[in-house]
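Observations on the model geometry
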Amino acid sequence: MIHEGALALDPLVVAVILAMAGVTAVTKVGGLWLLSRIEVSDRLEAGLSVLPGAIVIAILGPELAAGGPAEWGAAGLVVLVMWRTENILLALCAGVGAVVLFRAIG
Amino acid sequence: MRSESRTGDEAARLSTATSREAGPSDETDGERAAGPDRAPVPFDRRGVRAGFLTCVPIALGVGGYGIAFGVLATQAGLSVAEAAMMSALVLAGASQIVAVELWADPIPIAAIVATTFAINLRYSLMGAALQPWFRHLSAGRRYGSLLLMADENWALTMRDFKAGNRRGAFLLGSGIAIWIFWVGATIVGALFGGTVGDPAAYGFDFILAAVFVALAAELWEGRSTLVPWLVALGTAVLAADLLPGRWYILLGGLVAASVEVIRYDP
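Summarised in this report is the structure supplied together with it. (Residues numbered from 1 in each chain as written. Chains lettered and ligands numbered in written order. Predicted model: local features only at pLDDT ≥ 70, side-chain atom pairs only at ≥ 80, totals over all residues. Heavy atoms only, no water.)

1. Comments concerning the overall build of chain A
Secondary structure assignment for chain A yields five helices and zero strands. In chain A, the succession of α and β elements from N to C terminus is α-α-α-α-α. In terms of C-alpha radius of gyration, chain A reaches 20 Å, well past the compact-globule figure of 13 Å for 106 residues. Dimensions of chain A, computed from the C-alpha atoms along their principal axes, are close to 60 × 45 × 30 Å. Counting only residues that meet the buried cut, chain A has 46% of its 106 residues in that class. With the model as given, the accessible surface of chain A reaches about 5,400 Å², and the carbon-plus-sulfur share is 70%. Taken together, the 5 basic and 8 acidic charged side chains of chain A have centroids lying 6 Å from each other. (Helix = DSSP H or I, 4+ residues; strand = E, 2+ residues; numbered from the N terminus. Rg over C-alpha atoms; globule rule 2.2 N^0.38 Å. Buried < 20%, exposed > 50% of the residue type's maximum accessible area, 1.4 Å probe, protein only. Areas by Shrake-Rupley, 256 points an atom, 1.4 Å probe, with all protein chains shown as cover. Lys, Arg positive; Asp, Glu negative; His and termini not counted. Charge placed at Lys NZ, Arg CZ, Asp CG, Glu CD.)

See below:
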């Protein structure tokens, strides 16, 4: 099951991972540290709290726009299964299965 | 706090999974009587254990995203070891999935690091919310625990603290559970992703879009989310046409956050 190169570590990839880990650690530790020094306004807090959802939508928008009815239908099914079951693996399997089916039909 | 309403729902949904764990909280009744601010916040093995056991059912769900991340990471060209390393050191699901979405040759380092930072900025707010309890802990325990913070175990920890428990090590214990399942699932997904031939033949090219649709379904907070999301959508579609690379992702997020700051109505 383990294919060739599974354990490979490219120095540049490792550097990017370390940089990601660094900025993430700053965000995790920084809030509590900053709080004793400055006051985060509710206004700024409201803006920051929409960031993750907005970025996910910003990724999805152009990607789904480039797709067709098969992808849109499958995406709708993923939303439906997530809302009904809140089971990510089930939703992903349903979405991938649906896209194969819809592409075969269309 | 907006992010709390989301994670509040999350916590409510998880409450059935954790209600059987109500026993140990009784022993803190005496401390609670001493007042919320003056009572000590013990940091001990019992807190680690309670956090870990409470979080295991939730960590199983985190594993679902971990498998998806592992598959996507290998499809983006990362080795199993690199994918596992990213999960072990970064430990922030959505930002890792976005990073492998951005992955290309040559690696767009600035875009990846800046987007990771933007997505994870919410952790600053979440960490700050722990202040009433964490200020009783030493700096090492406080910041060490925060490194293992993820959305799920933060929500569980806030719920535990607000219920009157003062188990300082709860975030650490629940974070250990998240870490084990996240890294383990990444390895499983990465091993599996490496064995797939042509991704499109099995609809695997759709996994990434499906993961983001699922993330969006979880991040939806009701009508308050509608305006920022429409702004993000419009900005991203427009910017994807006009700008090179993947900068439209970060731009869409930042414009939506700015609009939210401007239209904020206390």
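2. What to know about the interface of chain B and chain A
Taken together, the 91 residues of chain B in the interface contact 68 residues of chain A. Regarding the contact of chain B and chain A, the summed buried area is about 6,900 Å², with carbon and sulfur atoms giving 80% of it. Of all residues in chain B, Leu-125, Phe-206 and Tyr-264 of chain B bury the most surface against chain A, accounting for 9% of the area lost on that side. At the boundary of chain B with chain A, the tally comes to zero salt bridges. Counting across the chain B and chain A interface gives 13 residue pairs in polar contact (both at pLDDT 80 or more). For the side of chain B that touches chain A, the leading source of residues is helix α12 (residues 207-219) of chain B, giving 13 residues. When its residues are assigned to classes, the side of chain B that touches chain A shows 66 nonpolar, 16 polar and nine charged. (Contact = heavy atoms within 4.5 Å. Buried area = accessible area lost by both parts, 1.4 Å probe. Salt bridge = Lys/Arg side-chain N within 4 Å of Asp/Glu carboxyl O. Polar contact = N/O pair within 3.5 Å; in protein donor to acceptor, adjacent residues only side chain to side chain. Nonpolar A, V, L, I, M, F, W, Y, C, P; charged D, E, K, R; others polar.)

3. A look at a nonpolar patch on the surface
A cluster of nonpolar side chains, Trp-83 of chain A together with Trp-220, Leu-226, Leu-230, Leu-233 and Val-237 of chain B, forms an exposed patch at the surface whose accessible area comes to about 560 Å². Top element by residues in the nonpolar patch is helix α13 (residues 226-242) of chain B. It accounts for four residues. Relative to the assigned elements, Leu-226 of chain B resides in helix α13. (Patch = residues over 30% accessible without salt bridge, like charges linked within 9 Å, V, L, I, M, F, W, Y side chains within 5 Å.)

4. Some points on the side chain of Asn-153 of chain B
With respect to the helices and strands, Asn-153 of chain B occurs in helix α10 (residues 151-162). Not counting chain neighbours up to four residues away, the residues in contact with Asn-153 of chain B comprise Cys-55, Leu-148, Leu-171, Ser-174, Gly-175 and Ile-178 of chain B.

5. Section: the packing of helix α3 (residues 45-75) of chain B against α10 of chain B
Residue and element names in this part refer to chain B. Where α3 contacts α10, the axes come no closer than 10 Å and their chain directions differ by 155°. The orientation of α3 relative to α10 falls into the category roughly antiparallel. Regarding α3 and α10, the two cross each other, and that crossing is right-handed. Here Thr-54, Cys-55, Ile-58 and Val-62 of α3 lie close against α10, whose contacting residues are Glu-152, Asn-153 and Leu-156. Counted by class, the contact of α3 with α10 contains four nonpolar, two polar and one charged residues. (Axes fitted to C-alpha atoms, helices over the stretch in contact; angles between N-to-C directions. Parallel < 35°, antiparallel > 145°, perpendicular 65-115°, else oblique. Left-handed = near helix turned anticlockwise from the far one by under 90°.)

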